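Chain and residue survey
This is what each chain is made of:
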Protein chains: 2
Amino acid sequence: MLDNIRIIMINTFHPGNIGAAARALKNMGLSQLWLVDPREFPHEEADSRAAGAKDLLDSAVVVNSVEEAIADCQLVIGTSARQRSFDQPLLDAEQAAGLMVDEARGGTVGILFGRETMGLTNEEMMLCHRHLFIDANEDYPVLNIAQAIQLVCYELRRASKNTSALPEPAPYPRQQEMVLFFEHLEKVLRRTGFIIPQHEGRVMDKLRRYFNRTRPEKAELGMLRGILTSVEEVLAREVDNNKS
Amino acid sequence: MLDNIRIIMINTFHPGNIGAAARALKNMGLSQLWLVDPREFPHEEADSRAAGAKDLLDSAVVVNSVEEAIADCQLVIGTSARQRSFDQPLLDAEQAAGLMVDEARGGTVGILFGRETMGLTNEEMMLCHRHLFIDANEDYPVLNIAQAIQLVCYELRRASKNTSALPEPAPYPRQQEMVLFFEHLEKVLRRTGFIIPQHEGRVMDKLRRYFNRTRPEKAELGMLRGILTSVEEVLAREVDNNKS
């Protein structure tokens with residue numbers, strides 16, 4: 001179950017933090033470390049700080065974009081050191097861990113950790129279904145990234161020990177399917193005139209936020225795409241009628 | 001309340017770990033960092049890893065012995081990466097944090113973290129009232145020391161937010177008073193013949209373990225010392241009688 005949980009580090013600056021994170025994962029029984037465009041990796045400082053978790057460094061998956069890292073995740077959590085506007089519901093580490101462990105029974109889940117200097121970008125936060133906020137001292141709430149990862153892995157381990165007889169997890173679509181849906185949705189909404197080029201505003205952002213918050217299950221997403229297809233058929237008939 | 005909790009690092013080898021620990025404390029709202037005979041401190045690596053918690057490094061108390069660090073603590077917790085023989089009751093991080101926060105309302109509490117290579121010695125573990133074991137991967141249970149401190153501080157913060165209307169905490173004696181009691185006890189037991197030089201065994205260790213586990217309150221300790229004094233009076237009378 002913990003093997004279905006992907007810890008994703010984006011643009012990490014200090015290789016030492018990558019090594020410390022690998023150790024943090026292994027100490028808590030996790031194994032899936034993904035690195036999006038790390039500044040320096042592999043690196044002897046990462047090896048040194050990983051100590052007995054060198055194997056996790058060796059098996060870490062290095063990709064160029066966040067989208068690649070989350071394409072087959074059904075749940076994506078974004079970590080934030082602060083509350084931000086335009087947010088998804090905020091969970092603390094314990095709540096987020098419970099959700100992740102529950103869904104890891106049925107699919108892959110990922111959690112994003114950002115840059116040492118600035119965390120995650122707004123765009124990256126909007127890819128997420130839920131945001132995690134580690135309660136900390138208001139005077140100094142910014143944890144070292146490997147420390148934040150340690151706390152999350154600790155809570156994931158705790159949550160995995162607490163799994164009672166839960167009902168079958170709901171089948172959620174993977175991120176890649178949602179990406180295709182959003183593309184399909186945007187295409188149709190431009191054709192229906194709901195999105196007007198000169199007044200686009202943040203319509204798609206708001207719709208993405210809505211769907212990420214409410215999280216259609218696989219079957220529900222199928223229905224939504226069917227709806228879009230039926231609208232496209234109406235649009236096609238309109239075009240045909242205009243021709244004739 | 002969190003200001004009554006002392007994080008004590010013994011013989012730390014890497015100054016970077018001291019800096020990371022300072023940051024971990026401040027991120028969670030703690031402030032009392034004590035260093036027993038650190039190998040290198042102050043050090044720029046500590047400053048670097050402390051980031052915005054440099055003030056905690058500046059105010060850290062450096063002492064030469066564990067005894068100095070815990071003399072005015074009423075509760076001392078020892079951290080262990082493994083179960084050991086001759087142990088006090090083992091608590092997990094959440095349980096230990098609850099106990100520490102509760103007693104921090106009435107006095108100073110301390111928690112010992114050992115060397116990167118070997119943790120705490122058996123002697124140091126025996127100074128403790130309770131042992132803390134962070135549940136971890138059996139294949140690799142040894143956390144980096146600053147990471148372990150981060151987890152403990154995280155649980156301390158959580159526990160401090162959960163304090164409901166608790167009854168007045170029991171008044172416990174400080175460690176220094178227990179040290180004097182054990183000296184008094186040993187002196188009397190040698191005089192009564194309970195401890196025989198040729199067969200000392202681990203009598204005092206077992207007695208220390210007993211009293212650390214059962215934790216006499218101040219008033220109870222007063223009674224125990226009164227008992228010892230009354231025994232000394234009997235012994236004194238015996239000496240007088242033998243003279244006459």
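In the nomenclature of an unreviewed UniProt entry, chain A is known as tRNA (cytidine/uridine-2'-O-)-methyltransferase TrmJ of Marinobacterium alkalitolerans. Here chain A is described in UniProt, under the heading Subcellular location (unreviewed entry), as follows: "Cytoplasm". Taken directly from UniProt, the Subunit (unreviewed entry) text for chain A runs: "Homodimer."

Looking at the overall build of chain A
Along the backbone of chain A there are 10 helices and seven strands. Sorting the 244 residues of chain A into buried and exposed places 50% on the buried side. Put simply, 84% of the contacts in chain A that link residues at least 6 apart link residues at least 24 apart. Computing the positive centroid from 28 side-chain charges and the negative centroid from 35, chain A places the two 2 Å apart.

Structural notes on the relation of the copies chain A and chain B
The two copies are related by a screw motion: chain A maps onto chain B through a turn of 180° and a shift of 0.0 Å along the axis, at an RMSD of 0.1 Å. Each copy turns onto its partner about a two-fold axis. In this assembly the copies share their binding face: 100% of the residues contributing to the interface of chain A also contribute to that of chain B.

A word on the packing of helix H5 (residues 93-104) of chain A against helix H7 (residues 145-161) of chain A
Residue and element names in this part refer to chain A. Put simply, H5 and H7 touch, their axes get as near as 8 Å, and they point 55° apart. As summarised for this structure, H5 and H7 are arranged oblique, according to the angle between their axes. The two elements H5 and H7 meet at a crossing, and its hand is right-handed. Along its contact with H5, which presents Ala93, Glu94, Ala97, Gly98, Met100 and Val101, the element H7 presents Glu155, Leu156, Arg158, Ala159 and Ser160.

A closer look at the sheet that holds strand S7 (residues 130-133) of chain A
One open sheet accounts for seven strands, arranged S3-S2-S1-S6-S4-S7-S5 (chain A); its pairing is parallel. Both outer strands of the open sheet, strand S3 (61-63) and strand S5 (90-91) of chain A, are each paired with one neighbouring strand and no more.

Observations regarding the packing of aromatic side chains
Across all of its chains, the model carries nine aromatic pairs over all chains by this definition. Ring geometry for Tyr154 of chain A versus Tyr154 of chain B: centroids 6.5 Å apart, planes at 90°, classification edge-to-face. Within this pair, whereas Tyr154 of chain A is found in helix H7, its partner Tyr154 of chain B is found in helix H7 (residues 145-161), the two belonging to separate chains. Overall, Tyr154 of chain A belongs to the buried group, its relative accessible area being 5%. Ring geometry for Tyr210 of chain B and Phe211 of chain B: centres 4.9 Å apart, planes at 65°, overall edge-to-face. Among the aromatic side chains, those forming a connected cluster through ring pairs are Phe181, Phe182, Tyr210 and Phe211 of chain A. Here the guanidinium or amino end of Arg208 of chain B rests over the ring plane of Phe182 of chain B, the centre of that ring lying 5.8 Å away.

Details of the domain arrangement of chain A
Residues and elements named next belong to chain A. Annotation of chain A at the domain level lists domain 1 (2-160) and domain 2 (175-243). When each unit is reduced to the centre of its C-alpha atoms, the spacing between domain 1 and domain 2 is 31 Å. If you look at the interface, domain 1 gives 16 residues, while domain 2 gives nine residues. Carbon and sulfur atoms make up 46% of the area that domain 1 and domain 2 hide from each other, which totals about 1,200 Å². Across the domain 1-domain 2 interface, the total number found is one salt bridge. A salt bridge links Arg215 to Glu103, with the shortest nitrogen-to-oxygen separation between them at 2.5 Å.

Points about the nonpolar core
Grouped together as the largest cluster of nonpolar side chains are 89 residues, with contacts concentrated most on Ile7, Leu33, Ile149 and Leu156 of chain A together with Ile7, Leu33 and Leu156 of chain B. Here Ile7 of chain B is in contact with Leu25, Leu30, Gln32, Leu33, Trp34, Ile111, Phe113, Ile149, Cys153 and Leu156 of chain B, once residues within four sequence places are set aside.

Some remarks on H7 of chain B
Residue and element names in this part refer to chain B. With 17 residues, H7 ought to run about 24 Å at 1.5 Å a step, and its terminal C-alpha atoms sit 25 Å apart, in line with that. Of all 17 residues that make up H7, 16 are buried, and the element is covered over most of its length. Backbone nitrogen of Ala146 and a side-chain oxygen of the N-cap are separated by 2.9 Å at the start of H7; the cap is Asn144.

Thoughts on the confidence of the model for chain A
Here chain A shows a mean pLDDT of 91. Residues at 70 or above account for 96%. If you check the scores for this complex, the pTM reads 0.87 and the ipTM reads 0.83.

Observations regarding the pairing of strand S2 (residues 32-36) of chain B
All names here are of chain B. By the criterion of burial, S2 is predominantly enclosed, with four of the five residues buried. For the crossover from strand S1 (residues 5-10) across helix H1 (residues 15-27) to S2, the handedness is right-handed. Relative to strand S3 (residues 61-63), S2 runs parallel, the two being bridged by three bridges. Following the sheet pairing, Leu35 is matched in S3 by Val62.

Here's the deal with the interface of chain A and chain B
Often, the extent of an interface is quoted as the loss of accessible area upon association of its parts. With 33 residues of chain A at the interface, the matching set in chain B holds 33 residues. For chain A, the biggest contributors to the area lost against chain B are Tyr140, Gln147 and Tyr154 of chain A; these three give 25% of the whole. For Glu138 of chain B, the salt bridge is made with Arg157 of chain A, and the minimal N-O distance between the two is 3.2 Å. At the boundary of chain A with chain B, the tally comes to 28 residue pairs in polar contact (both at pLDDT 80 or more). Of all elements in the fold, only helix H1 (15-27), helix H2 (44-50), H5 and H7 of chain A reach the threshold of two or more residues within the side of chain A that touches chain B.

Details of unusual backbone geometry
In the segment running from Phe41 of chain A into Pro42 of chain A, the intervening peptide bond is cis, with an omega of -5°. Within the element layout of this structure, Pro42 of chain A appears in the loop between strand S2 (32-36) and H2.

So, the sheet that holds strand S4 (residues 73-80) of chain B
Residues and elements named next belong to chain B. Spatial ordering of the open sheet is given by S3-S2-S1-S6-S4-S7-S5, a layout of seven strands whose pairing is parallel. Among the strands making up the open sheet, the edge pair consists of S3 and strand S5 (90-91). Note that S4 and strand S6 (residues 108-113) share five bridges and pair parallel. Directly across from Ile77, in S6, lies its bridge partner Ile111.

Notes on the environment of Asn64 of chain B
All names here are of chain B. Residue position: Asn64 is located in the loop between S3 and helix H4 (66-70). On the basis of relative accessible area, Asn64 is assigned to the exposed category, the value being 65%. Not counting residues within four places of it along the chain, the set of residues in contact with Asn64 comprises Val36 and Asp37.

Parameters at a glance
- Residues numbered from 1 in each chain as written.
- Chains lettered and ligands numbered in written order.
- Predicted model: local features only at pLDDT ≥ 70, side-chain atom pairs only at ≥ 80, totals over all residues.
- Heavy atoms only, no water.
- UniProt positions renumbered as here; feature names shortened; annotations may be inferred.
- Helix = DSSP H or I, 4+ residues; strand = E, 2+ residues; numbered from the N terminus.
- Buried < 20%, exposed > 50% of the residue type's maximum accessible area, 1.4 Å probe, protein only.
- Contact = heavy atoms within 4.5 Å.
- Lys, Arg positive; Asp, Glu negative; His and termini not counted.
- Charge placed at Lys NZ, Arg CZ, Asp CG, Glu CD.
- Least-squares fit on C-alpha atoms with pLDDT ≥ 70 in both.
- Axes fitted to C-alpha atoms, helices over the stretch in contact; angles between N-to-C directions.
- Parallel < 35°, antiparallel > 145°, perpendicular 65-115°, else oblique.
- Left-handed = near helix turned anticlockwise from the far one by under 90°.
- Pairing = 2+ DSSP bridges.
- Phe/Tyr/Trp six-rings, centres within 6.5 Å; stacked < 30°, edge-to-face > 60°.
- Lys NZ or Arg CZ within 6 Å of the ring centre and 35° of its normal.
- Domains from an automatic or database assignment.
- Buried area = accessible area lost by both parts, 1.4 Å probe.
- Salt bridge = Lys/Arg side-chain N within 4 Å of Asp/Glu carboxyl O.
- Core = buried A, V, L, I, M, F, W, Y, C linked by side-chain atoms within 4.5 Å.
- Expected span 1.5 Å × (residues − 1).
- Polar contact = N/O pair within 3.5 Å; in protein donor to acceptor, adjacent residues only side chain to side chain.
- pLDDT = per-residue confidence, 0-100.
- Right-handed = clockwise from strand over helix to strand, strands pointing away.

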